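# Structural features, examined
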2 protein chains.
Amino acid sequence: MDLFMKCAIEEAELSRSEGGIPIGSVLVRGGRILGKGHNRRVQQDDPVLHAEIDCIRNAGRIGSYREMALYSTLMPCYLCAGAVVQFGIGKVVAGESESFAGAREFLEMHGVEVIDLDLTVCKDMLQSFIEERPEIWCEDIGEEWPPV
Amino acid sequence: MDLFMKCAIEEAELSRSEGGIPIGSVLVRGGRILGKGHNRRVQQDDPVLHAEIDCIRNAGRIGSYREMALYSTLMPCYLCAGAVVQFGIGKVVAGESESFAGAREFLEMHGVEVIDLDLTVCKDMLQSFIEERPEIWCEDIGEEWPPV
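Figured I'd write up the structure that's included with this text.

Basis of the calculations
For every chain, the first residue of the written sequence is number 1, and numbering continues from 1 onward in sequence order. Here the convention is simple: chains get letters from A, ligands get numbers from 1, in the order in which they are written. pLDDT decides what is reported in this predicted model: residues at 70 or higher carry local features, side-chain atom pairs at 80 or more are listed and counted, and totals for whole chains, interfaces and linings draw on all residues regardless. As a rule here, side-chain values cover all heavy atoms of the structure and leave hydrogens and water aside. In this scheme, a residue with accessible area under 20% of its type's maximum is buried, one over 50% is exposed, and one in between is partly exposed, where area comes from a 1.4 Å probe on protein chains only. Counting from the N terminus, the helices are DSSP H or I runs at least four residues long and the strands are E runs at least two residues long. Two strands are said to pair when DSSP picks up at least two bridges between them. Between N-to-C directions, angles cover 0 to 180 degrees, with each direction set by a line fitted to C-alpha atoms, over the stretch in contact for helices. Contacts are assigned to residue pairs with any non-hydrogen atoms lying within 4.5 Å of each other. Each nonpolar core is a collection of buried residues, namely Ala, Val, Leu, Ile, Met, Phe, Trp, Tyr and Cys, held together in the definition by side-chain atoms within 4.5 Å. When the copies are superposed, the least-squares fit draws on C-alpha atoms of residues that have pLDDT of at least 70 in both.

### Brief notes about the pairing of strand 1 (residues 24-29) of chain B
Residues and elements named next belong to chain B. Summarising burial for strand 1: five of the six residues are buried, a large majority. Of the pairings in the sheet, the one linking strand 1 to strand 2 (residues 32-38) comprises six bridges and is antiparallel in character. Residue pairing for strand 2: S25 is matched across the bridge by G37. The loop that links strand 1 with its antiparallel partner strand 2 comprises two residues; one of these, G30, has a positive phi angle of about 55 degrees. Of the strand pairs in this sheet, strand 1 and strand 3 (residues 68-72) are connected by five bridges, and their pairing is antiparallel. By the bridge assignment, S25 is partnered in strand 3 with S72.

### Details of the sheet that holds strand 4 (residues 91-94) of chain A
Residues and elements named next belong to chain A. Read across the sheet, five strands follow the order 2-1-3-4-5 without closing on themselves; strand pairing throughout is mixed. What marks the edges here is a single partner per strand, and that holds for strand 2 (32-38) and strand 5 (113-116). Strand after strand, the sheet turns through a mean of 15 degrees between neighbouring axes, direction not considered. The strands touched by helix 3 (residues 51-59) within the sheet are strand 1 (24-29), strand 2 and strand 3 (68-72), with strand 2 carrying the most contacts at an inclination of about 135 degrees.

### So, the sheet that holds strand 1 of chain B
Residues and elements named next belong to chain B. In space, the five strands of this open sheet follow the order 2-1-3-4-5, with mixed pairing throughout. The sheet terminates laterally at strand 2 and strand 5 (113-116), the two strands that pair on one side only. Neighbour-to-neighbour, the strand axes of the sheet open up by a mean angle of 15 degrees, direction not taken into account.

### Digging into the environment of P22 of chain A
All names here are of chain A. With respect to the helices and strands, the residue P22 is situated in the loop between helix 1 (3-17) and strand 1. Owing to a relative accessible area of 1%, P22 belongs among the buried residues under this scheme. The sequence separation of P22 and L126 amounts to 104 residues, and the corresponding C-alpha distance is 5.9 Å. Apart from the residues lying within four places of it in its own chain, the contact partners of P22 are A12, S15, R16, T73, M125, L126 and F129.

### Topic: the nonpolar core
In this structure, L79 and W137 of chain A together with L79 and W137 of chain B are the most contacted members of the largest nonpolar core, which totals 78 residues. With sequence-adjacent residues up to four places away left out, L79 of chain A is seen in contact with V48, H50 and I53 of chain A together with I53, L79, G82, A83, Q86 and F87 of chain B.

### Re the relation of the copies chain B and chain A
Of the transformation placing chain B onto chain A, the axial shift is 0.0 Å and the rotation is 180 degrees, giving an RMSD of 0.0 Å. On this basis, the relationship between the two copies can be described by a two-fold rotation axis. Considering only C-alpha atoms, the part of chain B nearest the rotation axis is G82 of chain B, at 2.5 Å. In this assembly, 100% of the residues forming the interface of chain B have copies in chain A that are likewise at the interface, indicating an isologous arrangement.

Given below as structure tokens:
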């Protein structure tokens, strides 16, 4: 498997082991990882710490994002896709988009290259969490629980 | 002046007094402020802490955002507009959009009500910072400095 996606999956597993939502992300330039992160909504009671935001945050103030790729175990939502577009990250590699479609079209409209690896391991990991804790998952993506 | 925008301006002034980018934000529901924040890129070396993200973060895990309005001294960029759309915040009130056009069209496409107050006080505050520290401003919105 892609080495960077493997690292994003490890981040997602780390989140799960902390009692959090299993989504992980890494930021890459020229074959080197500049930042890693995972969803920390539960761990830090922080609504904005989606995996990709945590990852970009952990990478720090690194200047231009043009030559970077953001790997995530899940297709980025509008919050994270908004960060990609605003900061000018050139490429997104997602582990899957079946559990949540995300904002692929928005990314592509803004010239971001998007690859969906469609990995069973990513789907299984997130879908088992969603079945177990649907209320936390809905909170994370801004949906009502129970559905209205 | 609108009381909530006055509070957002106070947040922006607080950021400026800390040496940061003067953009402030408040999150409001039913006439009550649930969170306040300001840009902290400089103060915390944190690239994701735009004023609106800081504000949403400070409000904590507050459940549904449907009936909320996000006030910001500047029209939200794609990162912050992405948060608004993903979390389902219904309304955005911006102090101005002349210093930076932001993502108004994207917000409106997703059903968010957007009001631009076009306030001189907000423009003057941000534009004097941009003149003084163009490199930090460009970093904040993901642009190259000097321009390429």
